[in-house]
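Chain and residue survey
Now for the letters of each chain:
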Amino acid sequence: MFTKMVLPVLGGSPSVWSVAMVVFQSLLLAGYAYAHALARYLPLRVAAPLHLAVMGCALAALPIELAAGWGKAPADGEAVWLLGLFLLSVGLPFFALSANGPLLQAWFSRSNHPHARDPYFLYGASNIGSFAALIAYPLAIEPLFTLRDQSRVWMLGFAVLAGLIAICAAAAARNASAPSRIAAGVAAASAPRRQIWRQRFGWIALSLVP
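Overview of the structure. Keep in mind that this is a model prediction, so the values were computed, not measured.

Each value, and the rule that gives it
- Residues numbered from 1 in each chain as written.
- Predicted model: local features only at pLDDT ≥ 70, side-chain atom pairs only at ≥ 80, totals over all residues.
- Heavy atoms only, no water.
- 1 Å grid on protein atoms, 1.4 Å probe; cavity = no way out; pocket = protein on both sides within 12 Å on 5 of 7 lines; lining within 4 Å.
- Points joined across faces, edges and corners; volume = space filled by probe spheres on them.
- Helix = DSSP H or I, 4+ residues; strand = E, 2+ residues; numbered from the N terminus.
- Phe/Tyr/Trp six-rings, centres within 6.5 Å; stacked < 30°, edge-to-face > 60°.
- Lys NZ or Arg CZ within 6 Å of the ring centre and 35° of its normal.
- Contact = heavy atoms within 4.5 Å.

1. A look at the layout of surface pockets
Space inside the largest pocket adds up to approximately 2200 Å³. Forming the boundary of the largest pocket are 50 residues, of which Phe94, Leu97, Ser130, Ala133 and Trp154 lie nearest the centre. Among the secondary structure elements, those contributing two or more residues to the lining of the largest pocket are helix 1 (2–10), helix 2 (14–41), helix 4 (78–109), helix 5 (121–144) and helix 6 (147–173). A total of 13 residues in the lining of the largest pocket trace back to one element, the largest contributor, which is helix 5.

Here you go:
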């Protein structure tokens, strides 16, 4: 959606799409690292308000639109200019959004739910939602709504999401003293060091397949 806003300014050259992919993939990695740090190093009573504050700041940066003062690219350094445009215009909302999946899984693993020991079905549900959105956007959303309307609806959805995450945080706080079932399972495994590194290198190799 945002890249389509940029296209009238810069055109559809491969460099525009390449920079867009670099920005979004980097923000996704940063969001995952942030979620990992919150879940691993901070107690829930600190992590939950901190993430809700990040969501609030991201909400204040909406609706998604071209940042003021970035209407025309310079003659030189277009890639750097485009990086700045993406980061200022959509960086914080996308960063906050990307952290929600792994963070909510970590909170769920600390709950008393019967499936808390294996919360990764939530990751599968997230992927199904992503595929549904990819299909729905060109078939239903793009033909029916202008980019401005899409941005407003997206902002409304983000606000609803922030409220739901606040409810999840409150529910997780009631189980803050419960140990992470994932961590307990990992501690109980006690696999040999060589086997652990073989598994890690296998994950890295598989991640290169796409």
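2. Observations regarding the packing of aromatic side chains
Counted by the stated rule, this structure contains 7 aromatic pairs. Relative to Phe86, the ring of Phe24 lies with its centre 5.7 Å away and its plane at 85°, an arrangement referred to as edge-to-face. Of this pair, Phe24 sits in helix 2 while Phe86 sits in helix 4; the two residues are 62 residues apart in sequence, bridging distant segments of the chain. Here the aromatic rings of Tyr34 and Phe95 are separated by 5.1 Å at their centres, their planes lie at 50°, and the arrangement is tilted. Linking Tyr34 in helix 2 with Phe95 in helix 4, this pair joins segments that are 61 residues apart in sequence. Here the aromatic cluster, defined as three or more aromatic residues joined through ring pairs, consists of Phe2, Phe24, Phe86 and Phe94. One cation-aromatic arrangement involves Arg200 over Trp197; the distance from NZ or CZ to the ring centre is 4.7 Å.

3. Observations regarding the environment of Ala58
Of note, Ala58 is situated in helix 3 (residues 44–60). For Ala58 and Ala75, which are 17 residues apart along the polypeptide, the C-alpha to C-alpha distance reads 31 Å. Residues contacting Ala58, with those up to four places away along its chain left out, are Leu92, Pro93, Ala96 and Phe158.

4. So, unusual backbone geometry
Excluding glycine, a negative phi dihedral is what most residues carry, and trans is how most peptide bonds are arranged. Leu62 connects to Pro63 through a cis peptide bond whose omega is 5°. The topology assignment puts Pro63 in the loop between helix 3 and helix 4.

5. With respect to the environment of Phe2
With respect to the helices, strands and loops of the structure, Phe2 is situated in helix 1. Along the primary structure Phe2 and Trp154 are separated by 152 residues, whereas in three dimensions their C-alpha atoms are 11 Å apart. With residues near it in sequence (within four places) discarded, Phe2 still touches Ile64, Glu65, Leu66, Leu85, Phe86, Ser89 and Val90.

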